[in-house]
There are 2 protein chains.
Amino acid sequence: MSETAQDFIAALTFNSDGLIPVVVQEQGTKDVLMLAWMNVEALELTFATKAATYWSRSRNEIWVKGATSGNTQQVVDAFYDCDADTVLLTVIQQGGACHTGAHTCFAQHQVELP
Amino acid sequence: MSETAQDFIAALTFNSDGLIPVVVQEQGTKDVLMLAWMNVEALELTFATKAATYWSRSRNEIWVKGATSGNTQQVVDAFYDCDADTVLLTVIQQGGACHTGAHTCFAQHQVELP
């Protein structure tokens, strides 16, 4: 079901800090790039501008992904899950998604399974 | 870098409830199936048994995915991100990942972008 940005945001359940986790997936490769957090304002800005915009829990501020690095994320699509407490964002990633420069934030540490 | 299960778990940062978000991705299709939460015990069980095992925040208990439904998740791989505060799990999914029976939890609600 397709919903307006306003209805989409109104349906979400936020945590006690007013935040919701956002899984970011690259269009095409379907690589999972990162997990970030949004509040209502970040969601509204993300949908209005199509530039992925998050809430920084360490800096306590709204943060446009790539504003400093140039590694922006153009939003292609967004979904929320059956519990309405997680968002999945599909993006076109410019450059590396990770602050280390890596393509994804999940590239460096892998478990050895028995 | 590949790490033993013990080292992998020891490196993680958990939230104030002792939990870490886990993004679950299907091997092959690379579909994002769901987001769930694990504590240390769930991580240990997941890596020891290779059956994805979560912490249920609603029931306050350890929960082996598919124990009731049969829709189990066999763990293929696990990664943690640059901040060590999110896990990415690659799985072989039996049946639907969603409690609604859907293949993924993100299938039902999509935003209309302008």
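Preceding block: the structure.
In this text the structure is predicted, and so the values were computed from the model without any measurement.

With that settled, consider the relation of the copies chain A and chain B. Each copy of the sequence occupies a distinct position, and chain A is placed on chain B by a rotation of 180° and an axial shift of 0.0 Å, giving an RMSD of 0.0 Å. Taken together, the turn and the small shift mark the pair as related by a two-fold rotation axis. No C-alpha of chain A approaches the rotation axis more nearly than that of K30(A), which lies at 3.0 Å. Take the interface residues of chain A: 100% of them recur as interface residues in chain B, which is what a same-surface contact looks like.

Next up on the list: the environment of D85(A). Residue and element names in this part refer to chain A. With respect to the secondary-structure elements, D85 resides in the loop between β6 (73–80) and β7 (87–93). Given 15 C-beta atoms within 10 Å, D85 falls into the partly exposed group. Taking C-alpha positions, D85 is 26 Å from H103, a pair spaced 18 residues apart along the chain. Leave out the neighbours within four places in its chain, and D85 touches T13 and I20.

Before going further, it helps to examine the interface of chain A and chain B. The interface is formed by 36 residues belonging to chain A together with 36 residues belonging to chain B. Among the elements of the structure, β1 (2–4), α1 (5–10), β2 (20–26), β3 (32–38), β6 and β8 (109–112) of chain A are those that each provide at least two residues to the side of chain A that touches chain B. Top contributing element to the side of chain A that touches chain B by residue count: β6(A), with five residues. Judged from the three bridges that link them, β8(A) and strand β1 (residues 2–4) of chain B form a sheet pairing that is parallel. Bridging across to β1(B), Q110(A) finds its partner in S2(B).

In terms of nonpolar packing, the biggest core is built from 64 residues, with V22(A), V24(A), V22(B), V23(B), V24(B) and L89(B) touching the most fellow members. Ignoring any residue separated from it by four or fewer positions in sequence, one finds V24(B) in contact with L33(B), M34(B), A36(B), A52(B), Q73(B), L89(B), V91(B) and A97(B).

Analysis parameters
Residues numbered from 1 in each chain as written. Chains lettered and ligands numbered in written order. Predicted model: local features only at pLDDT ≥ 70, side-chain atom pairs only at ≥ 80, totals over all residues. Least-squares fit on C-alpha atoms with pLDDT ≥ 70 in both. Contact = placed C-beta atoms within 7 Å. Helix = DSSP H or I, 4+ residues; strand = E, 2+ residues; numbered from the N terminus. Buried ≥ 20, exposed ≤ 12 C-beta atoms within 10 Å, placed from the backbone. Pairing = 2+ DSSP bridges. Core = buried A, V, L, I, M, F, W, Y, C linked by C-beta atoms within 7 Å.

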